[in-house]
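# Structural overview
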Amino acid sequence: MPQKFQRAHDYKHLIARWRSIARESGLVMREFSKESGYPVFFLKSKTLQETGGLYFSAGIHGDEPGATEGLVGWAEKRVNQLNRLPLMLFPCLNPWGLVNNSRTDARGRDLNRVFQHDEACAIHTLKQIINPYYFNTATMLHEDYDGQGVYLYEIQRLEPYWGEALLNAARRFLPVEPRIRIDGRKAAGGLVRRKINAKRFQKIGYPEAIYLHLHHAHRTFTVETPSEFALDSRVRAQVAIIEECVKKSL
Ligand SMILES: [Zn+2]
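On a predicted model such as this, the values are computed, not experimentally measured, just so you know.

Quick look at the coordination of the zinc ion now. Each protein donor to the zinc ion is listed here as H61 (ND1), E64 (OE), E64 (OE) and H142 (ND1); together their distances run 2.1 to 2.4 Å. In the primary sequence, the donor residues of the zinc ion line up as H-x2-E-x77-H. A residue pair is termed long-range when its members are at least 10 positions apart, and H61 in the loop between strand 3 (54-58) and helix 2 (65-77) and H142 in strand 5 (residues 135-144) qualify at 81 residues. Pair check on accessibility: H61 and H142 agree, each one buried.

Next comes the structure, spelled out in structure tokens:
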């Protein structure tokens, strides 16, 4: 494993990397919550307006380090351009989970199922922070341990759809998910594209993507890389999708 990835579950190290990105790029970095002793941060560029921005988040599930590494890797690569892009970034929403390689937080909650209520403190504050904004795109970075390739969820709304282009960008680094059913939903060519089913989410709890789709974004994507594959390939695939998403949004 390349040296730089040996610390993929080291939250202090991750935050140190983001601090140096903030310093070099001019992005504003703020602690907005504390969860099980860990500070939670967001970053924002000076060019971000109430509309037209790009939202990226990672690490709401702590056992998906390809996502947190992908976002920080992309930001390091583009450090000189970041402040000119209209960005709102959440580098790691579940630090305790990252450190403990756990999907849930310290209290066993799946933070990606609680967006309909205000029980989890970091999520509650995140909702207040993004309250004034309506983003062009909101992209949630994830990984799937059942994944056999890279895939994504695109909530059906604006055409033309972007899912194919985003997946194409990642093909160089990972195979595209061959499964035709993912989590009980139909998939084709690595894409799960559908309208939201409010009833389903009332039952299982609202994920971040559904909340963003309903209140804060024109286009919403959930990116999934296969967490049993080599970390280096997963990170490259995540970076490629972020790049493509930025390119298409501007
Ligand atoms: Zn996840």
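Side-chain pairs of opposite charge can arise where the charged atoms are in close proximity. A complete count under the given rule lists 15 salt bridges for this structure. In this structure, R103 engages D110 in a salt bridge whose closest nitrogen and oxygen atoms are separated by 3.1 Å. When the shortest N-O distance is used, the salt bridge between R109 and D105 registers 2.8 Å. The exposure class of R109 is buried, given its relative accessible area of 11%. With a relative accessible area of 7%, D105 lands in the buried category. Bridged by salt links that share partners, the residues R17, E69 and E76 form one connected network.

The next subject is the sheet that holds strand 5. Taking strand neighbours across the sheet as the criterion, the 8 strands line up as 1-2-4-3-5-10-6-9 in an open arrangement whose pairing is mixed. What marks the edges here is a single partner per strand, and that holds for strand 1 (28-35) and strand 9 (191-194). When strand polarity is set aside, the average angle formed by the axes of neighbouring strands in this sheet is 15°. One ladder, built from 4 bridges, connects strand 6 (residues 151-155) with strand 9; its direction is parallel.

A word on the environment of G205. Note on placement: G205 falls in the loop between helix 6 (198-204) and helix 7 (208-215). Considering only alpha carbons, one finds G205 and T104, 101 residues apart in sequence, at a separation of 14 Å. Beyond its immediate sequence surroundings of up to four residues, G205 is in contact with R113 and Q116.

Residues W18, F56, L71, W74, L87 and L89 are the most contacted members of the largest nonpolar core, which totals 47 residues. Counting only elements with at least two residues in this core, the list comes to helix 1 (11-25), strand 2 (38-44), strand 3, helix 2, strand 4 (87-90), helix 5 (163-170), strand 10 (217-226) and helix 8 (231-249). Beyond its immediate sequence surroundings of up to four residues, F56 is in contact with L71, L87, M88, L89, F90, T139, I242, C245 and V246. Among the nonpolar cores identified, the runner-up in size contains 30 residues, and L48, L111, A122 and L126 belong to it.

Here we come to the packing of helix 5 against helix 8. One way to put it is that helix 5 packs onto helix 8 with a least axis distance of 7 Å and a crossing angle of 140°. In terms of orientation, helix 5 lies oblique with respect to helix 8. You can see that helix 5 and helix 8 cross each other, and the crossing is right-handed. Facing A165, L166, A169 and A170 of helix 5, the residues of helix 8 in contact are A237, A240, I241, E244, C245 and K248.

Under the counting rule described, the total for this entry stands at 11 aromatic pairs. Aromatic side chains Y151 and Y153 sit 5.8 Å apart centroid to centroid with 70° between the ring planes, which places their arrangement in the edge-to-face category. We note that Y151, like Y153, is buried. Put simply, the rings of F32, F42, Y55, F90, Y133 and F135 touch in pairs and so form one group of aromatic residues.

Of all the residues in helix 5, the buried ones are G163, L166, L167, A169 and A170. Considered in projection along helix 5, the buried side chains sweep an arc of 155° and stay on one side of the axis. Tucked inside the fold, the buried residues of helix 5 contact strand 6, strand 9, strand 10 and helix 8.

Definitions and cut-offs
Residues numbered from 1 in each chain as written. Predicted model: local features only at pLDDT ≥ 70, side-chain atom pairs only at ≥ 80, totals over all residues. Heavy atoms only, no water. Donors = N, O, S within 2.8 Å, 3.2 Å for Na, K, Ca; no water. Helix = DSSP H or I, 4+ residues; strand = E, 2+ residues; numbered from the N terminus. Buried < 20%, exposed > 50% of the residue type's maximum accessible area, 1.4 Å probe, protein only. Salt bridge = Lys/Arg side-chain N within 4 Å of Asp/Glu carboxyl O. Pairing = 2+ DSSP bridges. Axes fitted to C-alpha atoms, helices over the stretch in contact; angles between N-to-C directions. Contact = heavy atoms within 4.5 Å. Core = buried A, V, L, I, M, F, W, Y, C linked by side-chain atoms within 4.5 Å. Parallel < 35°, antiparallel > 145°, perpendicular 65-115°, else oblique. Left-handed = near helix turned anticlockwise from the far one by under 90°. Phe/Tyr/Trp six-rings, centres within 6.5 Å; stacked < 30°, edge-to-face > 60°. Arc of directions from axis to C-beta.

Remember that the coordinates give geometry; whether it matters functionally is a separate question.
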